[in-house]
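Observations on the three-dimensional arrangement
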Amino acid sequence: MALALLTAPARAEPPALGNALAGERSPYLSGAASQPVHWQPWGERAFEAARRLRRPLLLDIGAAWCHWCHVMDRESYDNPRIAEAINRGFVPVKVDRDASPGLDRRYQTAALAAFGVSGWPLTVFLTPDGEPIFAGTYFPPEDQDGRPGLTTVLAVVAESYRDDPEAVTGRARAIALRLAGLEALAAVPGQPSPPLRDSLVAAMRAEFDAATGGFPAESGTQFPRPSALSFLLRLAVERGDGALLSMVTTTLDRMARGAIHDHVAGGFHRYAVDRGWRVPHFEKLMAPNAELLSVYLAAYQATGNPLYRDIAEGIVGFAEALRDPGGGFWASQDADGADGVEGSAYTWTEDEIAPLLAPEEGRAMRAAFGIGVAPGPPRAEPGRYALERLSADQAVGREIGRVPGGVRQALRSALAKLGAARAARPGAPIDRSRYADANGLMIRAWLEASVVLGRSDLAARALHSLDALLRSSHVPAQGISHVWGERGRSGELLDDQVFVAEALMTAFQVTAEARYLAAARDVLDHARRTLWDAGRGGFRDHRPPASGGPLSGESRPIQDLSVASGNGAAALALLRLHALSSAPEYREWARETLAAFAGSVARLGAQAGAYAMALDLYLTPPVQVAVVGGRSDPATVRLWREALGAFRPGKVVLLVDSAGSPKDLPAPIQAKLRSSASRGAPETYVCAGTLCSFPTGDAAAMAELIRSFGRPGWGVPREENAGLAGSR
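Residues numbered from 1 in each chain as written. Predicted model: local features only at pLDDT ≥ 70, side-chain atom pairs only at ≥ 80, totals over all residues. Heavy atoms only, no water.

On to the nonpolar core, then. The biggest cluster of nonpolar side chains holds 149 residues, and the ones touching the most others in it are Phe215, Leu293, Tyr296, Met442, Trp446, Leu504 and Tyr611. Other than its neighbours up to four places away in sequence, Tyr611 contacts Leu196, Leu200, Ile558, Gly568, Leu594, Phe597, Ala598 and Val601. Counting residues in hydrophobic clusters, the runner-up holds 31 residues, among them Leu21, Cys69, Tyr77 and Ala172. (Core = buried A, V, L, I, M, F, W, Y, C linked by side-chain atoms within 4.5 Å. Buried < 20%, exposed > 50% of the residue type's maximum accessible area, 1.4 Å probe, protein only. Contact = heavy atoms within 4.5 Å.)

Enumeration over the complete set of coordinates arrives at two disulfides. Shown here is the disulfide that connects Cys66 with Cys69, its sulfur atoms set 2.3 Å apart. Judged by the sign of its S-S torsion, about 80°, the cystine formed by Cys66 and Cys69 is right-handed. Accessibility classification places Cys66 together with Cys69 in one group, the buried group. Paired through a disulfide, Cys687 and Cys692 show a sulfur-sulfur distance of 2.0 Å. Measuring handedness by torsion sign, the sulfur bridge of Cys687 and Cys692 sits at about 100° and is right-handed. Looking at Cys687, the relative accessible area reads 0%, which means it is buried. (Disulfide = S-S within 2.5 Å.)

In this structure the tally under the stated criterion is 15 aromatic pairs. Ring geometry for Trp42 against Phe47: centres 4.9 Å apart, planes inclined by 75°, an arrangement best described as edge-to-face. On the accessibility criterion, Phe47 (6% relative accessible area) is buried. Site record: aromatic cluster; members linked through ring pairs are Trp42, Phe47 and Tyr107. (Phe/Tyr/Trp six-rings, centres within 6.5 Å; stacked < 30°, edge-to-face > 60°.)

Before going further, it helps to spend a moment on empty space enclosed by the protein. Per the stated rule, a full pass over the model turns up six cavities of 30 Å³ or more. Of the voids in this model, the largest cavity is the one considered here, and its volume is about 890 Å³. Every residue lining the largest cavity is counted, 39 residues in all, and those nearest its centre are Ser294, Arg444, Glu448, Arg576 and Gly650. Of the residues contributing to the lining of the largest cavity, the split by class is 24 nonpolar, seven polar and eight charged. (1 Å grid on protein atoms, 1.4 Å probe; cavity = no way out; pocket = protein on both sides within 12 Å on 5 of 7 lines; lining within 4 Å. Points joined across faces, edges and corners; volume = space filled by probe spheres on them. Nonpolar A, V, L, I, M, F, W, Y, C, P; charged D, E, K, R; others polar.)

A separate point is the pairing of strand E5 (residues 132–136). Taking burial as the measure, the five residues of E5 include four buried ones, the bulk of the element. The pairing of strand E4 (residues 122–126) with E5 spans four bridges and is classified as antiparallel. Bridging from a neighbouring strand, Leu126 pairs with Pro132 of E5. Hairpin connection, E4 to E5: the antiparallel pair is bridged by five residues, and Gly130 has positive phi, about 90°. (Helix = DSSP H or I, 4+ residues; strand = E, 2+ residues; numbered from the N terminus. Pairing = 2+ DSSP bridges.)

By the element assignment, Leu232 lies in helix H10 (residues 226–239). What makes Leu232 buried here is its relative accessible area of 0%. Expressed as a C-alpha distance, the spacing of Leu232 and Ala243, which sit eleven residues apart in the sequence, is 9.8 Å. Not counting chain neighbours up to four residues away, the residues in contact with Leu232 comprise Met204, Phe215, Leu244, Met247 and Val248.

Moving on: the sheet that holds E4. Taken together, five strands build an open sheet; the order of strands is E1-E3-E2-E4-E5 and the sheet is mixed. Unpaired on one side and paired on the other, strand E1 (40–41) and E5 mark the two borders of the sheet. Across six bridges, the pairing between strand E2 (residues 57–62) and strand E3 (residues 91–96) is parallel. Bridge pairing in E3 links Leu58 to Pro92. Relative to E3, helix H3 (residues 44–53) is tilted by about 160°, and along the sheet it contacts E1, E2 and E3. (Axes fitted to C-alpha atoms, helices over the stretch in contact; angles between N-to-C directions.)

Turning to the pattern of salt bridges, a few remarks are in order. Taken as a whole and assessed by the stated rule, the structure comprises 46 salt bridges. Two residues, Asp616 and Arg234, come together in a salt bridge whose shortest N-O distance is 2.6 Å. Residue Asp616 is located in helix H24 (residues 609–619), and its partner Arg234 is located in helix H10; the two are separated by 382 residues in the primary sequence. A salt bridge links Asp393 to Arg389, with the nearest nitrogen and oxygen atoms 2.5 Å apart. Arg389 matches Asp393 in its accessibility class, with the two residues each being buried. Connected via shared salt-bridge partners are Arg309, Glu313, Glu320, Arg323, Arg455, Asp457 and Arg461. (Salt bridge = Lys/Arg side-chain N within 4 Å of Asp/Glu carboxyl O.)

Within H24, ten of the eleven residues are buried, leaving the element largely enclosed by the surrounding structure. Buried within H24 we find Gly609, Ala610, Tyr611, Ala612, Met613, Ala614, Leu615, Asp616, Leu617 and Tyr618. Summarising the contacts, the buried residues of H24 are in contact with helix H9 (194–207), H10, helix H22 (566–580) and helix H23 (585–595).

Next comes the structure, spelled out in structure tokens:
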């Protein structure tokens, strides 16, 4: 017995957890299944293990497209020595930010507020209750240039928790309480009003860089702000404000010329690290490209600039390359090439370009993009160039002795040859996950493109994707699931509901199929029932789990990040649904959403673009166009198509079958139809607020009414507007 006691270990080692990622659908998670780190997916099993083993958690949040995530994987998580330290002292958990945006948003917010860091990879140490102890982003494996390495951080956190877990937990809880208070202060209620709209415009003007376009951060980084640009474009059109229009066009022009734009395959990289849009981070994401497609289409309609049409066609081409044969669009394309080098799939050396091009094409490329001419375009890696358009067609033509039309033809041919060469070499990996939010945005944008670009093929493919999304991810009265096909987890995320609802309402307008509008109402009603914060107003980004935990805290997003904020987009969707239907509650819900943030939102400036757009649509309701006639009458269909193509930001279009008894129409249109006798031929009513125009069956007259009806100075003094057959 004594011998047994002497030789027995003082404490049995707990059984190893093992790496549990092999069966995960996310490529970011499944790609780490062979690592020596005992990664767990997010879930109660991991937290139960942390409580049982009395260890903190190591949370890694990243994405398949993230360059520095890949670097940290290679340097640290593939390293057996570092993996052994993680497995011995922590319960490691890996999260895909695209698959779990609610988790990512909460921990990014916490990391920024408490530790001054944000981005990917996000490295957070948690208590067994999920509260943050410490956070950083990328850590080198060892101390480097005054920056602590992951080895050091692991040792310090493990020792602190082992020596005094109660003190560490107490500090983490204090951080969590402080974060809850900051979240509440960030959303101050107020009144949605014209002065608030003016304050948002003033904030955006103050942020705007007139030289480079855009709204650069203090660090100089430039993110596209498509929602802010959409808001400013609508205001410019409604007010006839050339200065606001210049803010939009300057930004779109500089982005189109910059290396943030993929000149070869179309679409845009996620952001630029400089003010001039010259040095991008090379990942290409579906969702922000969808919003940029909508902006470039609207700018093309507003200005007629063919550059914007070309850019829109390029974004369509990028999305087409990532379109799933079964419907829908894949999530993203990696920043790294197949060789693991950032940007290698998108950049070029002079020696790679020269053999591909005819002499005139080579001269045009040198003059337009600066290849081989000092200082040349920005270099992603030594000797590799990210293409940036440095000279316009006229200047290139003068240099090479060609008219602008010949320049465009030579450049188009050269870029096509580069595209073919790029397609033949190993490309950047693609994340083939399909997420509802990104698909809702791109489906809507493709439907808009089908009208503006006159491409019925885009409408057919977008509707095929939308129908597939509904079949795989929508449960009536339970909303839309985030991951394509996971209908059992429907309706948890706000972005999925509002972005898909917008796609459904756009589909209703371009098809006149009532089932799409009914589905949009179902989805938004679900969001109101399950995500609305009755105490404070506004929508939560995620349905809180019944068991509580890290997702049960408050998060009511109003700040645009890579895409529109959930609450800004929700208010927009509700206002659009009100404009398409007779239900007044949707406008009231939008007002309540706007009011929940009105006291503090102006400080966000260009990052409140979606909110600003919704506020503008609330203060100046969108134009409603009703085309009345026989649905099978070719003349009615022609007039309806013309109405869809006529430009007025925010307008909605309804096809009303004169042979039926239409119900659930917007109140002004319903009143007008009751008071007007049909003349047999198809005709159009254009309404703004409570006023409707006299009917017209002339396409040109209709287009002019859509463009100008209800705008200040549209032809009749405002005090006389009531004489225009208004329905009050």
